[in-house]
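Coordinate inspection notes
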Amino acid sequence: MSESLRDQTGPYFGEFGGRFVPESLIAALDELEATYRAAKADPTFRAELAELHKNYTGRPSIITEAKRFSEYAGGARILLKREDLNHTGSHKINNVLGQALLAKRMGKKRIIAETGAGQHGVASATAAALFGLDCVVYMGEVDTERQALNVARMRLLGAEVIPVTTGSRTLKDAINEALRDWVTNVDSTHYLLGTVAGPHPFPEMVRDFHSVIGNEAREQMIRDFGGLPTAVAACVGGGSNAIGIFHAFLDDEDVRLVGYEAAGDGMDTDRHAATLNFGKPGVLHGARSYILQDEDGQTVESHSISAGLDYPGVGPEHSWLKDLGRADYFGISDAEAMDALKLLSQTEGIIPAIETAHALAGALKLGKELGAGSTILINLSGRGDKDMETAAKYFGLIGSK
Amino acid sequence: MSKTAAALSAPGPKLIGYFPAGFPTLAESVEAAVVMCEAGVDVLEFGVPYSDPVMDGLVIQKATEEALANGFKLRQLFDAVKQVTSRVSKPVLVMTYWNPVLQYGIERFAQDLAASGAAGLITPDLIPDEAAEWLRVSDELKLDRVFLVAPTSTDERAAVAAKLSRGFVYAVSTMGITGAREDLDTLARGVVAKVRKADPEQQVAVGIGISTAEQASEVNEYSDGAIVGSVFVRAYSQGGKDALAAKVRELVAGLKK
Ligand SMILES: Cc1ncc(COP(=O)(O)O)c(C=O)c1O
């Protein structure tokens, strides 16, 4: 690999990416791309975003060494990049603040967003409150139930939450509904897409906004933890937190990059969300990428205990990295993730999001493979407050005993 | 000249009618399509049910969801089209989101489509920029290919769509998704004008949101045809093929007044 993988931009990542959307959206995508390119080159924009990162989100996020958790990881040293400590509780805010600033630059007074776990919706509602924008969040009905606390948070922040009752009533359908809203209201509205999927320029732009995670972490590793890690691990839904931490390390050939998808009931069942493991290339939500689909190209419903990973597509850059062999992607079942969630809670006093727990469970396996002396940097993408109801039910925590 | 373009350029106002294949079942959708042609649509648009139809409003979403739930498979499409084209002489275009075509194979899809007697494809989520293979294959097989032009399309993009479309250009009347609208946007005139300016010979039909005979007539004053879908699907859902035929006749009668 002589060329820098880090320099890759859209619209295509190899054969993946592009713009497979109705013509009605092309002008808005062009406007967004032009605004983004101008902003990226504008020191004022960069300073504004950096200021928000520092004094609103609380960046840089720290790296915590998980010493007691490491004991379960085959002797590997486990380090946690603490995106859970960001304001609103996950990595999602990094992208949201960037796009909200762009919405302001474009003079758009209304933002819409899709959300699965609700973290992106909460971050969007937060930015809307901060910047005085109207905010509508589309959320699959199934997800409004399993992430009820986040629905309340969004409403308290002043956003309108619209439960989506079509299709599988999860993240995929929330994106469809957001796209329909955008086609209709594109003059006044910015679609604040929450992951590295969708039509160009979203995959590249959202990646850039999250690349702060890896940029900070790479520096912190060298400065405070004795050098580059052996491996970097993250969970993969649409792929934003994973690409955010991977990106800085793409050209460090010795650093392994590993993404963990939701395997739901298990990799030997058909109830999972392991798109890169079991999907085929196709077109969904505006981009060519791996997709869980049947032979007719109908999207197949995904399954995961984690709303944020319950998505039958994935960002095109991940599809490209997979085919290049630069990153590996494995599946983690609901049960493995929940065990890891409990383990981190009880060894480190950190309750992670269920999404994030997939990366933790993966790192436990990876540590056993890499062995003593290895270092695994995990993107701790979010905190578990939103998941307490699911966890309480799963572990039977509420009641008299 | 393509059969579709010929039909649309004949004198008089034109009606293009949409119906989803497989709704509520394959056999019934064939009957519905035939009924629409017999009742007076000039061109039939047969829709492929797809799991994620981002251009469609609730009426068509529900219908195509039902078609999929009732077991619609892509390979049945071509046989269904053949049944329609063997019974009526109106041009039949298939409207499909792109992923089903990609998975079936663009070349194979086009060959089976041509063999079924369909005139070509309308592709709501395929822009000319991404269509290289489809352009080549449709040229080889002389299939119609209908691209969309929106109110927000630049003159440049409208010109590309006008140049590359065959059969007609689909002028999106309004910013939005399919479904009946009370007041049809005047934006439609602008879209048609853009296409006309780029290529005065090209056919242009207007769709999205047309629900009444008055709207369909008005659209025909400045374009080559009105595209109507949701209203027909709703009529069928409420009263079966008799209601569908009555709705088509009502619009055609209003049009020819
Ligand atoms: C904490 C957390 N991690 C990960 C994800 C998955 O998204 P992505 O793969 O885009 O990072 C979500 C999505 O809701 C999330 O809330």
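Residues numbered from 1 in each chain as written. Chains lettered and ligands numbered in written order. Predicted model: local features only at pLDDT ≥ 70, side-chain atom pairs only at ≥ 80, totals over all residues. Heavy atoms only, no water.

So, about the overall build of chain B. Counting its regular elements, chain B contains eleven helices and nine strands. Seen through its C-alpha atoms, chain B measures out along the principal axes to roughly 45 × 40 × 30 Å. For chain B, buried positions account for 63% of its 257 residues. Here the analysis covers contacts within chain B between residues at least 6 apart in sequence; of these, 70% occur between residues at least 24 apart. Accessible area for chain B stands at about 9,200 Å²; split by element, carbon and sulfur atoms hold 51% of it. One finds the centroid of the 26 positive side-chain charges in chain B at a distance of 3 Å from the centroid of its 32 negative side-chain charges. (Helix = DSSP H or I, 4+ residues; strand = E, 2+ residues; numbered from the N terminus. Buried < 20%, exposed > 50% of the residue type's maximum accessible area, 1.4 Å probe, protein only. Contact = heavy atoms within 4.5 Å. Areas by Shrake-Rupley, 256 points an atom, 1.4 Å probe, with all protein chains shown as cover. Lys, Arg positive; Asp, Glu negative; His and termini not counted. Charge placed at Lys NZ, Arg CZ, Asp CG, Glu CD.)

Counting residues in hydrophobic clusters, the biggest one holds 187 residues, and the most contacted among them are Leu77(B), Trp134(B) and Phe168(B). Considering every element that reaches this core, the biggest residue donor is helix α11 (residues 230–256) of chain B, with ten residues. Ignoring sequence-local partners within four residues, the contact set of Trp134(B) consists of Trp98(B), Ile106(B), Ala110(B), Leu121(B), Thr123(B), Leu126(B), Leu143(B), Asp144(B), Arg145(B) and Phe147(B). Ala73(A), Val258(A), Leu341(A) and Ala359(A) belong to the second largest nonpolar core, which has 35 residues in total. (Core = buried A, V, L, I, M, F, W, Y, C linked by side-chain atoms within 4.5 Å.)

On to unusual backbone geometry. Residue and element names in this part refer to chain A. Following Gly10, the chain continues to Pro11 via a peptide bond in cis, the omega torsion being 0°. Mapped onto the elements, Pro11 comes out in the segment before β1 (12–13). In the Ramachandran plot, Thr88 falls in the positive-phi region, its phi being about 80° despite a non-glycine side chain. Mapping Thr88 onto the fold places it in the loop between β4 (77–82) and α4 (92–105). Classification of Thr88 as buried rests on a relative accessible area of 4%. A positive phi is found at His285, a non-glycine position, where the angle reads about 50°. Structurally, His285 is set in the loop between β11 (280–284) and β12 (286–291). Classification of His285 by relative accessible area gives buried; the value is 7%.

Glancing now at the sheet that holds β12(A). All names here are of chain A. A sheet is described by the order of its strands in space; here four strands give the open sequence β1-β2-β12-β11, paired in antiparallel fashion. Edge positions in the sheet fall to β1 and β11, since each has one partner strand and no second. One ladder, built from five bridges, connects β11 with β12; its direction is antiparallel. The residue bridging Val283 from the neighbouring strand is Arg288, located in β12. (Pairing = 2+ DSSP bridges.)

Before going further, it helps to examine a nonpolar patch on the surface. Residues and elements named next belong to chain A. A contiguous nonpolar surface patch, about 410 Å² in accessible area, is contributed by Ile351, Met388, Leu397 and Ile398. Mapping Met388 onto the fold places it in helix α15 (residues 388–395). Overall, Met388 belongs to the partly exposed group, its relative accessible area being 36%. (Patch = residues over 30% accessible without salt bridge, like charges linked within 9 Å, V, L, I, M, F, W, Y side chains within 5 Å. Salt bridge = Lys/Arg side-chain N within 4 Å of Asp/Glu carboxyl O.)

This brings us to the interface of chain B and chain A. Of the residues lining the interface, 36 residues belong to chain B; the matching set on chain A comes to 35 residues. A per-residue breakdown of the area chain B buries against chain A is headed by Val54(B), Gln103(B) and Glu130(B), which together make up 20% of the total. At the junction of chain B with chain A, the criterion picks out two salt bridges. The shortest N-O distance in the salt bridge between Glu23(A) and Arg157(B) comes to 2.9 Å. The tally of links between chain B and chain A comes to 20 residue pairs in polar contact (both at pLDDT 80 or more). (Buried area = accessible area lost by both parts, 1.4 Å probe. Polar contact = N/O pair within 3.5 Å; in protein donor to acceptor, adjacent residues only side chain to side chain.)

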